[in-house]
Amino acid sequence: MTSADTTEPTDESGGSGGSEPGGYPAARLRLLREETRTGPPRRAALARLTDEWLTALFTAARPPRGTALVAVGGYGRAELSPRSDLDLLLLHDGSARPEEIAAVADRVWYPIWDLGLALDHSVRTPAEARTTAADDLKVHLGLLDARHLAGDLGLTTALRTTILADWRNQAPKRLPALGELCRERAERHGELPYLLEGDLKEARGGLRDATALRAVAASWLADAPRAGLADARRRLLDTRDALHLTTGRATDRLALQEQDEVAAALGLLDADALLREVYEAARTIAYAQDTTWREVDRVLRARSARPRLRRLIGGRPQPAARAPLADGVVEMDGEAVLARTARPERDPVLPLRAAAAAAQADLPLSPHAVRHLAATAPPLPVPWPAEARESLITLLGAGPSAVPVWEALEAEGLVTRLLPDWERVRCRPQRNPVHTWTVDRHLVETAVRAAALTRRVSRPDLLLVAALLHDLGKGWPGDHALSGETITRDVAARTGFDRADTDTLATLVRHHLLLVETATRRDLDDPATVRTVADAVRTTATLELLHALTEADALATGPAAWSAWRASLVADLVERVAAVLAGQPPAAPEPAAPSAEQERLAVEALRTGEPVLTLRTDAAEPAEDGTEPVGVRLHLALPDRPGVLPATAGVLALHRLTVRAADLRAVDLPGPGGAVLLLSWRVAAEYGSLPEAARLRADLVRALDGSLDIRARLAEREAAYPRRRGVKAPPPRVTVAPAASRHATVIEVRAQDAPGLLHRIGRALEEAGVRVRSAHVSTLGSNAVDTVYVTGEDGGPLHPDRAAEVARGVEKALG
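Quick caveat: nothing in here was measured; it's all calculated off a predicted structure.

Here we take up the environment of Arg276. In this fold, Arg276 is placed in helix H14 (residues 271–313). Assessed through its relative accessible area of 24%, Arg276 is described here as partly exposed. Sequence spacing of Arg276 and Thr438 is 162 residues, and the spatial spacing of their C-alpha atoms is 9.4 Å. When sequence neighbours within four positions are dropped, the list of residues in contact with Arg276 reads Glu423, Arg424, Val425, Arg426, Cys427, Arg428 and Pro429.

So this is what it looks like as structure tokens:
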């Protein structure tokens with residue numbers, strides 16, 4: 001609770017309003033501490049209490065005739081959250097002297113400020129208010145909710161009537177401007193149904209959009225779907241109340257560190273349950289917003305076309321044109337609607353057929369049609385008829401236009417009716433920041449991405465269905481890939497796929513992470529790596545589908561999950577596995593042939609006996625817009641010696657270079673000189689410009705000869721910056737990958753990404769007395785998965801007991 005909520009009255013301004021001891025501040029504090037009165041009753045009670053206090057202040061100021069105090073905006077709607085602003089208008093008819101009005105304003109505004117409450121205030125005549133509203137859309141929106149508090153009631157009533165009449169008269173101009181305002185706000189703040197730390201007011205689907213829908217309804221031009229809308233607004237307001245009380249601040253951003261407390265305050269199980277409530281409410285508002293703005297556009301188009309049509313047809317009304325789309329589905333007024341002859345009560349396939357037709361035609365599915373289908377269409381028989389399965393595949397194959405159609409089906413509960421397991425992932429948050437979407441929306445987005453890859457596979461139907469189902473297991477405990485395999489077999493059988501196709505779909509879902517994890521975390525030159533993947537996929541056709549699914553899944557996850565580098569690694573792995581499936585044995589591992597640049601560096605390193613490196617922009621790694629390259633390649637060569645990995649990783653961390661990917665291997669060059677370590681790193685500057693290669697080399701030399709204490713330097717830098725409050729990361733986990741390689745022991749480290757992480761891993765391995773054969777770094781958002789191939793002094797894999805001991809040592813060092 002903040003000082004504004006705990007301030008005791010010290011003068012008559014604080015004691016005005018209410019008969020309780022201590023006046024308004026104490027009464028307000030008691031009300032906010034009540035556990036029996038929450039939600040709408042508490043907001044209404046807080047508004048009444050505030051009304052009484054402000055009325056008393058206004059009355060004590062002895063206002064002249066023709067003056068009124070008016071609540072506008074959220075306060076006008078009596079929706080006061082604990083830390084809400086007070087939006088007030090001092091309205092006067094202009095007959096009093098300016099100094100009299102100013103004195104009244106001071107007697108009302110200053111006590112509010114003295115209590116630390118936020119105040120949005122204005123002093124205007126009705127004419128001034130009307131002029132300001134005409135110039136400022138936000139002011140006009142606030143005045144639509146004007147509510148009389150004290151003074152001249154007739155003045156307030158006349159203003160309300162005038163403002164509302166202006167709003168309705170100007171609707172053809174005002175509503176497009178309001179729609180654009182909503183779109184701009186969504187671009188700035190994102191979509192609340194999918195954000196891990198969304199703004200409850202400003203993000204798309206938030207409270208601002210709910211207010212905009214009220215304004216559209218007030219225009220009489222169009223109306224929002226009312227089903228669930230009031231409840232959605234209430235849930236968001238309840239969440240904001242709890243957020244204000246737990247933080248003591250006037251914030252609308254549901255930050256990660258506040259979510260557990262907010263959930264507890266609302267009586268919810270945990271933060272995930274809270275986010276699902278918020279997402280559900282925000283989706284209801286966002287869907288209502290989409291359908292409402294479509295209706296506004298339709299009405300405005302019809303109004304603009306009406307005079308021209310009247311001239312052409314002599315004023316005779318004509319029915320809207322209908323164009324057939326599919327059996328029982330037609331296009332009308334820019335939407336897919338049911339044909340007059342449709343009989344949904346006798347046609348269980350009609351919902352999917354209508355959805356597929358709408359998506360293929362890039363049309364929204366009429367909300368009235370969806371609602372009618374949900375109420376009347378019978379359930380599909382099990383197994384589904386072929387037409388139903390084909391309609392689902394057609395819908396998924398439509399690409400981006402499938403998303404709004406799918407949202408329409410979800411809004412009326414049709415998706416869960418078709419796929420009961422969908423309910424477990426609906427609105428389910430994904431705590432990994434790499435993910436852009438909730439689980440359910442990610443599945444739809446994966447199908448959208450897969451639709452663009454269907455020409456690459458022989459069975460596009462299996463690709464699209466696997467894309468839709470691949471993460472359904474996240475609704476169940478345990479490994480989601482294993483759970484998903486079981487769910488997929490059930491769904492595939494229910495939707496009518498035969499046994500062979502069901503097995504393929506189950507394999508795709510079970511192994512949907514196999515290619516990208518293997519390509520980025522394993523040594524592709526090791527025959528055991530390729531053989532493991534070949535044994536899992538079994539056929540070339542399945543490999544082809546899995547390759548496309550991997551790409552679609554990564555693209556639908558977020559920008560950090562896919563890149564040209566990852567794509568090239570996966571493509572290389574697929575090519576090797578395809579060769580094995582075609583009957584060619586895996587190639588025995590051979591020393592990697594160095595590139596011309598690496599060979600040049602290696603020769604120089606052998607000649608000087610010191611590290612040689614180059615640092616250059618990686619042109620093969622383009623940014624998303626295809627213009628500026630992202631990441632930098634660091635190539636390093638030096639004579640083989642212990643401590644190279646921790647020293648190099650530590651120097652990079654000291655220079656604030658984040659390691660995105662790394663590869664380390666020892667090669668023997670022709671001629672005398674012995675082995676050379678070749679390191680290829682993909683790095684990015686945390687901020688600022690890149691360091692000079694000469695400085696990196698100098699520090700690396702010092703780190704290798706012991707004159708630069710990297711451990712101490714990193715500790716000093718960490719101590720210089722106080723740890724910020726945030727979500728507590730899970731502890732690191734270090735495991736030995738069984739049978740991952742016949743030539744080395746594979747140790748996999750999963751940990752929170754942090755400066756110096758790879759340095760600490762390398763140092764722990766050095767202290768364990770093992771040799772690093774190669775290292776593969778993968779960073780996804782805040783999570784790092786580093787895979788290190790190590791051998792014993794004899795150059796072979798470690799004994800299982802020894803490998804487990806090394807893994808425990810690394811985990812202890814990281815902990």
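Here the focus is the pattern of salt bridges. Applying the stated criterion across every chain, the model contains 54 salt bridges. Between Arg183 and Glu180 there is a salt bridge, and its shortest N-O distance comes to 3.2 Å. Of this pair, Arg183 and Glu180 both sit in helix H10 (residues 171–189), separated by three residues, roughly a single helical turn. Its salt-bridge partner being Arg185, residue Glu202 comes within 3.9 Å of it at the nearest N-O pair.

Mapped onto the fold, Thr67 is located in strand S1 (residues 67–71). We classify Thr67 as buried; its relative accessible area is 3%. Reaching out from Thr67, the side chain makes a polar contact with the backbone oxygen of Pro64 at a distance of 2.8 Å.

A few words now on the layout of surface pockets. Over the atoms rolls a probe the size of a water molecule, and in doing so it shows where empty space is left. Its volume calculated, the second largest pocket comes out at about 1100 Å³. Gly73, Gly74, Asp87, Asp120 and Arg208 are the residues nearest the centre of the second largest pocket, which is lined by 41 residues in total. Listed by contribution, the elements that provide at least two residues to the lining of the second largest pocket are helix H5 (73–76), strand S2 (86–92), strand S3 (119–124), helix H8 (137–144), H10, helix H11 (207–218) and helix H12 (229–247). Grouping the amino acids of the lining of the second largest pocket by side-chain chemistry returns 15 nonpolar, nine polar and 17 charged.

What follows is about the confidence of the model for the protein. Of the residues in the protein, 89% reach a pLDDT of 70 or more, and the chain-wide mean stands at 87. Below a pLDDT of 50 lies the segment residues 1–16, which in the model reaches 41 contacts outside its immediate sequence neighbourhood of four places, other chains included. Long-range and interchain partners of residues 619–630, a stretch whose pLDDT sits below 50, account for 19 contacts in this model, where long-range means more than four residues apart.

The geometry of a pair of packed helices is captured by two quantities: the angle between their axes and the separation between those axes. Across the interface, helix H20 (residues 439–451) lies against helix H26 (residues 540–557) with an axial gap of 8 Å and an inter-helix angle of 125°. One way to sum up the angle between H20 and H26 is to call them oblique. Regarding H20 and H26, the two cross each other, and that crossing is right-handed. The segment H20 lies against H26, with His442, Glu445, Thr446, Arg449 and Ala450 engaging Leu549, Ala552, Asp553, Leu555, Ala556 and Thr557.

Rules used throughout
- Residues numbered from 1 in each chain as written.
- Predicted model: local features only at pLDDT ≥ 70, side-chain atom pairs only at ≥ 80, totals over all residues.
- Heavy atoms only, no water.
- Helix = DSSP H or I, 4+ residues; strand = E, 2+ residues; numbered from the N terminus.
- Buried < 20%, exposed > 50% of the residue type's maximum accessible area, 1.4 Å probe, protein only.
- Contact = heavy atoms within 4.5 Å.
- Salt bridge = Lys/Arg side-chain N within 4 Å of Asp/Glu carboxyl O.
- Polar contact = N/O pair within 3.5 Å; in protein donor to acceptor, adjacent residues only side chain to side chain.
- 1 Å grid on protein atoms, 1.4 Å probe; cavity = no way out; pocket = protein on both sides within 12 Å on 5 of 7 lines; lining within 4 Å.
- Points joined across faces, edges and corners; volume = space filled by probe spheres on them.
- Nonpolar A, V, L, I, M, F, W, Y, C, P; charged D, E, K, R; others polar.
- pLDDT = per-residue confidence, 0-100.
- Axes fitted to C-alpha atoms, helices over the stretch in contact; angles between N-to-C directions.
- Parallel < 35°, antiparallel > 145°, perpendicular 65-115°, else oblique.
- Left-handed = near helix turned anticlockwise from the far one by under 90°.

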